[in-house]
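# Survey of secondary and tertiary structure
Here's the letter readout for the chains.
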Amino acid sequence: MKSPVALKRVLRTTTVIGCAGVLALGGLTACADDSSDSSTAGETSQLPSDAATGDPVKLGLIVPEGGAVTTPMVREGSEAAVEYLNNNGGGIGGHKIDLVVCKQQEEPASATKCANQMVEEKVSVVVSPLGAQGAVMLPIIAGAGIPYVAQAPVSQAEMATPGAFMLSGGIVAVLGGQAATAAKDGLKKVTLIIGDSGDAAASVKALGEPMFQRAGVTLNVVTIPTGAADLTPQITAGLADNPDAVSILGDTRQCISVLKTLQTVAPDATKYLIASCLDKPVLDAVGNEAVSGSKAFTTVNLSSDDPSVTLYRSVMAQYAPDTDPAGLAYIGYQVVAALGELKGLDGAVDAPAVKKALSEAVDVPLPAAPGITFTCDGKAFPPLTSLCSKAILVSDVTSEAKLENTVVTNNN
């Protein structure tokens, strides 16, 4: 049982993770290079023919775009999912989607404007796949009775507000998956390296230590100065107890710094990596050899030949051919496409109906995340009742920085 202080730390978490499957908890950092070579994306297939014919349902989409953090690829993935559902995937409960897009600049004024626009336009559901302004937008959107759906939680509000639905578990899923994997592999000690921004380290420590302890593994959280040119002293000291694995939580810049240092001070260390540490800018900077043999903890495996991933690539090829499917587009696609999987929306698709369908969602497949399902009954990780899953995909990273031998951890 967490103490009230520990729980408040968990809920207050600031910058923890970059993105690509697990969002930054707090100060969001754009961390994917959308110019990577899409020729490595994988095979595609012909799309089905199941056009939506029901009355339109308004779906609100809020994305960070035009400010310091800009993610047009997330919007493009969402728009591709809408086109697919409308033309090929049967819409939402058979209803065609009328998409209402608002771009916020990752600051409160524009986020508030977007939230108010969604209320004024009477949308039936708002999706905000990626962004750090949920705490600003949610009171307005949920206060109007409109369900709010995101890929993973960032703020305290998104973790525990009625009417908010987080399809993946974010930091909860990552830490839980790492603890379970360490225990399965017989590890006894894991060192987690994280930047010293805000109270992120304290929050991760409060959340992670009990998880690892229950799994019979000791977790040591080591903080590093985010702006330091040389991390050798901090990382050398942090690895003094010879851990069995090293976990890195950070954006691409922190991943590059830590991986480069590990190549020097602990080249043979087993590494636990989130998707931001496997992003193209990281691999360009450190080389594939720096991540080869690592364990990856993600909510997507875009090199998979699973039908749900092939469908994602096919949708992007058809409706967003100029957007790299290996970038962040999948986050927008996942959240919108998931709405097409909901049951009980054959009648009028208004906000109460969508909220009810989400609340009753049980073991619904998360698109392009083979094996992960979401159940939004508030029981995935009490008291964080908005989390619909704590599952994570765990993969081996090959010498070519591809993911293989993927398994689902903590899906129940």
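Residues numbered from 1 in each chain as written. Predicted model: local features only at pLDDT ≥ 70, side-chain atom pairs only at ≥ 80, totals over all residues. Heavy atoms only, no water.

Our working definition: UniProt positions are given in the numbering used here, feature names are shortened, and annotations may be inferred rather than shown by experiment.
Per an unreviewed UniProt entry, the protein chain carries the name ABC transporter substrate-binding protein and comes from Gordonia westfalica. What UniProt records for the protein chain under Sequence similarities (unreviewed entry) is the sentence "Belongs to the leucine-binding protein family."

## Description of the pairing of strand β7 (residues 218-224)
To keep things clear, this is the line we draw: DSSP bridges decide pairing: two strands pair if at least two such bridges lie between them. The numbering of helices and of strands both runs from the N terminus, where a helix is a DSSP run of H or I of at least 4 residues and a strand a run of E of at least 2. Handedness is read with the strands pointing away from the viewer; a crossover is right-handed when the path from the first strand over the helix to the second is clockwise.
Pairing of strand β6 (residues 189-195) with β7, which is carried by 7 bridges, proceeds in the parallel orientation. When the sheet's bridge partners are listed, Thr 191 is paired in β7 with Asn 220. Read as a crossover between parallel neighbours, the route from β6 over helix α7 (residues 200-214) to β7 is right-handed.

## Considerations on the sheet that holds strand β3 (residues 125-127)
Strand-to-strand pairing in sheets goes through backbone hydrogen bonds, with the strands running parallel or antiparallel. As a reminder of what qualifies: Helix axes are fitted only over the stretch in contact, all axes being lines through C-alpha atoms; the angle between N-to-C directions runs from 0 to 180 degrees. Contact definition: two residues touch when any of their heavy atoms are within 4.5 Å.
Read from one edge of the open sheet, 5 strands run β2-β1-β3-β4-β5, paired in parallel fashion. Each edge of the open sheet is held by one strand with a lone partner, namely β2 (95-104) and β5 (164-166). When strand polarity is set aside, the average angle formed by the axes of neighbouring strands in this sheet is 25 degrees. Both strand β1 (residues 54-64) and β3 contribute to a ladder of 3 bridges, which runs parallel. Across the sheet, residue Leu 61 finds its bridge partner in β3, namely Val 127. Of the strands in this sheet, β1, β3, β4 (148-150) and β5 touch helix α4 (residues 134-143), which is tilted by about 150 degrees from β4.

## Here's the deal with the packing of helix α2 (residues 72-87) against helix α11 (residues 307-319)
The line we're drawing: Roughly parallel here means an angle under 35 degrees, roughly antiparallel means over 145, roughly perpendicular means 65 to 115, and every remaining angle is called oblique. Classes in brief: Ala, Val, Leu, Ile, Met, Phe, Trp, Tyr, Cys and Pro nonpolar; Asp, Glu, Lys and Arg charged; the others, Gly included, polar.
Interhelical geometry of α2 versus α11 gives an angle of 95 degrees and a closest axis separation of 9 Å. One element, α2, and the other, α11, form an angle in the roughly perpendicular class. For the pair α2 and α11, the contacting residues are Gly 77, Ala 80, Ala 81, Glu 83, Tyr 84 and Asn 87 in the first and Leu 311, Val 315, Met 316 and Tyr 319 in the second. Class assignment of the residues belonging to the contact of α2 with α11 gives a composition of 7 nonpolar, 2 polar and 1 charged.

## Points about the confidence of the model for the protein chain
The line we're drawing: On a range of 0 to 100, pLDDT expresses the predictor's confidence in each residue.
Taken as a whole, the protein chain shows an average pLDDT of 88; of its residues, 90% reach a score of 70 or greater. With pLDDT under 50 throughout, residues 1-40 is counted as low confidence; its partners more than four residues away or in other chains account for 121 contacts.

## Quick notes on the pattern of salt bridges
Let me state the cut-off plainly: Here, a salt bridge means any side-chain nitrogen of Lys or Arg that lies within 4 Å of a carboxyl oxygen of Asp or Glu. Here the term buried applies to any residue with accessible area under 20% of the maximum for its type, exposed to any over 50%, and partly exposed to those in between, with areas from a 1.4 Å probe on protein chains only.
All told, the structure shown has 11 salt bridges when counted by the stated rule. Its salt-bridge partner being Glu 65, residue Lys 103 comes within 3.7 Å of it at the nearest N-O pair. Here Lys 103 is found in strand β2, whereas its partner Glu 65 is found in the loop between β1 and α2, with 38 residues between them in sequence. Exposure remark for Lys 103: the relative accessible area of 40% places this residue in the partly exposed category. Residue Glu 65 is classed as buried on the basis of its relative accessible area of 10%. For Arg 75, the salt bridge identified is with Glu 76, shortest N-O distance 3.9 Å. Glu 76 sits in the partly exposed class, given a relative accessible area of 22%. A single network of salt bridges, built from pairs that share partners, joins Glu 65, Arg 75, Glu 76, Glu 79 and Lys 103.

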